[in-house]
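Residue-level structure breakdown
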Amino acid sequence: LIACVALLCLSACGGASSSTSAPAPSSQAQPASTSEAASVPAASSTAPAGDGVDLDAALAELVTAAELGGTIAVSEIDLKAGGVDVANVESFAGAQSQLAAQNGGIVIIIKAVSGTADTVAADLESFREYSLGNADYEEFEDARNNTESGIIKTYGDIVVYAVSATGDADGMTAAADAQFA
């Protein structure tokens, strides 16, 4: 009986281990408290970036600057769906507003494989275009405008895509520069 219960549990949970770095799909549905933005990055990041860059801490700072409010994690599946070639991604951290369909708010920080930052930046431009194709954006003009004014910046092997939920592109640039420039 115990073995059957354990087998059912493993089957329902998708097994005991995973060889991929993608977070479990259920992590996308777990909202973060607006006062605990740092709790989302830990769930949405793949690994330490190295070179002294703490992606989780940087994400927490940029999420605050982007005024995302409640967030959900950006997963590797989300990156792939948006056109990012994850073969060029060494590690990443990301969070989007729970109201992203209405305000476009999202922050993704990628530590690119050495020498691929420009390719990753181009992929993030495709990700932006993919987001703009969201049918909800037709209904919510703020989401479209905020996404169009979002930033994509490269700092060595770090690439940042950030869309403020309030449309403050200058504020996002200043916050990203403060973290990585």
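Scanning the chain from terminus to terminus reveals nine helices and five strands. Ordered by position from the N terminus, the helices and strands of the chain form the series α-α-α-β-α-β-α-β-α-α-α-β-β-α. Of all 181 residues assigned to the chain, the portion counted as buried reaches 41%. Sequence separation of at least 24 residues holds for 65% of the intrachain contacts in the chain that already meet a minimum separation of 6. If you sum the accessible surface of the chain, you get close to 8,800 Å²; carbon and sulfur atoms cover 53% of it.

Turning to the packing of helix α6 (residues 117–132) against helix α8 (residues 141–148), a few remarks are in order. Two packed helices can be described by the angle between their axes and the distance between those axes. At their nearest, the axes of α6 and α8 sit 10 Å apart, and the two run at 170° to each other. Between α6 and α8, the interaxial angle falls into the category roughly antiparallel. When α6 is examined against α8, the residues Arg128, Ser131 and Leu132 are found in contact with a partner set consisting of Arg144, Thr147 and Glu148. Taken together, the residues of the contact of α6 with α8 sort by class into one nonpolar, two polar and three charged.

Judged by pairing direction, the sheet is antiparallel, and its five strands sit side by side in the order β1-β2-β3-β5-β4 without closing on themselves. Across the chains shown, the open sheet's two edge strands, defined by having one partner strand only, are β1 (71–73) and β4 (151–155). Across the sheet, the mean angle separating the axes of adjacent strands is 15° when strand polarity is ignored. Direction of pairing for strand β3 (residues 106–112) relative to strand β5 (residues 158–163): antiparallel, over a ladder of six bridges. The residue of β5 that forms the bridge with Ile106 is Val163.

Another point: the confidence of the model for the chain. With 71% of its residues at a pLDDT of 70 or more, the chain has an overall mean of 78. Looking at the elements of the chain, mean pLDDT is at its lowest for helix α1 (residues 2–13), recorded as 35, and at its highest for β3, recorded as 98. Across residues 1–47 the pLDDT falls below 50, and counting only partners more than four positions away or on other chains, this stretch makes 50 contacts in the model.

A separate point is the packing of helix α3 (residues 55–65) against helix α9 (residues 169–180). Viewed as axis vectors pointing N to C, α3 and α9 meet at an angle of 165°, and their least axial separation amounts to 9 Å. In terms of their interaxial angle, α3 and α9 are classed as roughly antiparallel. Crossing of α3 over α9 shows right-handed handedness. Across from Ala58, Glu61, Leu62 and Ala65 in α3, the residues of α9 making contact are Met172, Ala175, Ala176, Gln179 and Phe180. Across the contact of α3 with α9, the residue classes break down as seven nonpolar, one polar and one charged.

Take the nonpolar core next. If you look at the biggest cluster of nonpolar residues, it comprises 22 residues, and the most contacted ones within it are Leu62, Val107, Ile109, Val160 and Phe180. Counting only elements with at least two residues in this core, the list comes to α3, β2 (89–97), β3, β4, β5 and α9. In this structure Val160 touches Leu62, Ile108, Ile109, Ile151, Ile152, Lys153, Tyr155, Ala176 and Phe180, once residues within four positions along its chain are discounted. Counting 17 residues, the second-largest nonpolar core is a separate cluster that includes Val84, Ala112, Val120 and Leu124.

A separate point is the environment of Ala175. Looking at the secondary structure, you find Ala175 in helix α9. Ala175 sits 110 residues away from Ala65 along the chain, and the two C-alpha atoms are 6.5 Å apart. Those residues in contact with Ala175, other than ones at most four positions away along the chain, are Leu62 and Ala65.

Below, the discussion takes up the pattern of salt bridges. Between side chains of opposite charge, a pair can form as their charged atoms come close. For the coordinates displayed, the defined rule picks out five salt bridges. For Glu76, the salt bridge identified is with Lys80, shortest N-O distance 3.5 Å. Placement of both Glu76 and Lys80 in helix α4 (residues 76–81) is noted, with a separation of four residues, approximately one turn of the helix. Where Glu125 meets Arg128, a salt bridge forms, and the shortest distance between an N and an O atom there is 3.2 Å. Here the residue Glu125 and the residue Arg128 both occupy positions in helix α6, the gap between them amounting to three residues, near one helical turn.

Calculation rules
- Residues numbered from 1 in each chain as written.
- Predicted model: local features only at pLDDT ≥ 70, side-chain atom pairs only at ≥ 80, totals over all residues.
- Heavy atoms only, no water.
- Helix = DSSP H or I, 4+ residues; strand = E, 2+ residues; numbered from the N terminus.
- Buried < 20%, exposed > 50% of the residue type's maximum accessible area, 1.4 Å probe, protein only.
- Contact = heavy atoms within 4.5 Å.
- Areas by Shrake-Rupley, 256 points an atom, 1.4 Å probe, with all protein chains shown as cover.
- Axes fitted to C-alpha atoms, helices over the stretch in contact; angles between N-to-C directions.
- Parallel < 35°, antiparallel > 145°, perpendicular 65-115°, else oblique.
- Nonpolar A, V, L, I, M, F, W, Y, C, P; charged D, E, K, R; others polar.
- Pairing = 2+ DSSP bridges.
- pLDDT = per-residue confidence, 0-100.
- Left-handed = near helix turned anticlockwise from the far one by under 90°.
- Core = buried A, V, L, I, M, F, W, Y, C linked by side-chain atoms within 4.5 Å.
- Salt bridge = Lys/Arg side-chain N within 4 Å of Asp/Glu carboxyl O.

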